Amino acid sequence: SAVISQKPSRDICQRGTSLTIQCQVDSQVTMMFWYRQQPGQSLTLIATANQGSEATYESGFVIDKFPISRPNLTFSTLTVSNMSPEDSSIYLCSVGQGSSGYTFGSGTRLTVV
Amino acid sequence: AQSVTQPDIHITVSEGASLELRCNYSYGATPYLFWYVQSPGQGLQLLLKYFSGDTLVQGIKGFEAEFKRSQSSFNLRKPSVHWSDAAEYFCAVGAGGNEKLTFGTGTRLTIIP
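Read on for a plain summary of the structure. (Residues numbered from 1 in each chain as written. Chains lettered and ligands numbered in written order. Predicted model: local features only at pLDDT ≥ 70, side-chain atom pairs only at ≥ 80, totals over all residues. Heavy atoms only, no water.)

Residue and element names in this part refer to chain A. Within this structure, the stated rule accounts for two disulfides over all chains. Through a disulfide, C23 is tied to C93; the S-S separation comes to 1.8 Å. One quick way to see it: the torsion about the S-S bond of C23 and C93 is about -90°, and its sign makes the bridge left-handed. Linking C23 in strand β3 (residues 19-25) with C93 in strand β9 (residues 89-96), this pair joins segments that are 70 residues apart in sequence. The class for C23 is buried, based on a relative accessible area of 0%. (Disulfide = S-S within 2.5 Å. Helix = DSSP H or I, 4+ residues; strand = E, 2+ residues; numbered from the N terminus. Buried < 20%, exposed > 50% of the residue type's maximum accessible area, 1.4 Å probe, protein only.)

Taken as a whole and judged by the stated rule, the model has 17 aromatic pairs over all chains. Between Y50 of chain B and F74 of chain B the ring centres are 6.4 Å apart and the planes differ by 45°, which places this aromatic pair in the tilted class. In this pair, Y50 of chain B is assigned in strand β6 (residues 44-50) and F74 of chain B in strand β9 (residues 73-78), connecting sequence segments 24 residues apart. Each member of the pair Y50 of chain B and F74 of chain B is classed as buried. By way of ring pairs, the aromatic residues F33, Y35, Y102 and F104 of chain A together with Y32, F34, Y36, F51, F90 and F103 of chain B are connected into one cluster. (Phe/Tyr/Trp six-rings, centres within 6.5 Å; stacked < 30°, edge-to-face > 60°.)

Sheets are built from strands paired through backbone hydrogen bonds, the pairs being either parallel or antiparallel. Residue and element names in this part refer to chain A. Ordered in space as β1-β3-β8-β7, the four strands form an open sheet in which the pairing is antiparallel. The sheet is open, and its two edges are formed by β1 (4-7) and β7 (68-72), each paired on a single side. Between one strand axis and the next, the sheet turns by 15° as a mean value, whatever way the strands run. (Pairing = 2+ DSSP bridges. Axes fitted to C-alpha atoms, helices over the stretch in contact; angles between N-to-C directions.)

Residue and element names in this part refer to chain B. Its location among the elements puts D54 in the loop between β6 and β7 (56-58). In sequence terms D54 and S18 are 36 residues apart; their C-alpha atoms lie 22 Å from each other. In terms of polar contacts, D54 uses its side chain to reach the backbone amide nitrogen of L56, at 3.1 Å. (Polar contact = N/O pair within 3.5 Å; in protein donor to acceptor, adjacent residues only side chain to side chain.)

Let us look at the interface of chain B and chain A. Across the contact, 21 residues belong to chain B and 20 residues belong to chain A. Carbon and sulfur atoms supply 56% of the area buried between chain B and chain A, which totals about 1600 Å² over both sides. Put simply, chain B and chain A have one salt bridge between them. In this structure, K100 of chain B and E58 of chain A form a salt bridge, with 2.9 Å as the shortest nitrogen-oxygen distance. Those elements that provide at least two residues to the side of chain B that touches chain A are β5 (32-38), β6, β10 (87-94) and β11 (101-103) of chain B. Sort the elements by how many residues they give to the side of chain B that touches chain A and β5 of chain B lands first, with four residues. (Contact = heavy atoms within 4.5 Å. Buried area = accessible area lost by both parts, 1.4 Å probe. Salt bridge = Lys/Arg side-chain N within 4 Å of Asp/Glu carboxyl O.)

So, in structure tokens, the structure goes:
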């Protein structure tokens, strides 16, 4: 199955700033998924990123707040913009690989102060 | 819309006792079902998955799960838990490949000596 390198692993950011999270996959994949896990909560899908088109956002998430880039079939970035303490969460990228299931990055633990 | 219900928020089990974590799903077609485990401060680890075939699935760490279509369930079991099994467990449903995963709210497992 695919291997995902996600960076940074953690960060502490000032409110009002932005953080860009990167995910690099060791094989070409069509779809990449970005999830948020708020403290003590389950994973919630933010958006689905398809190479060559705009990301599809889930209800409650907007492009201005979480812009996503997908320049090729092995790479994607998620930016958390104009951060507030409520954005403190773990952010994970994931790829689906048919019958092999889904692979997740190791996550980015974000704290906004 | 697909959904997953994990009715037990928190379960406490004695070390060496058996374990069953419940998962019910709602999905319009044949589901791909997954169980993930997340230890404190760690990423998601896949325990097992079901796509088709034998409805009793064996996973890592001695876990197994049984798919019951008539009950829309995919319960996770282990005959004898170890202290290291203390973690958060997530059930998830998806279509595989290019479709998103939907997670349940998770069950936190505590092991007592």
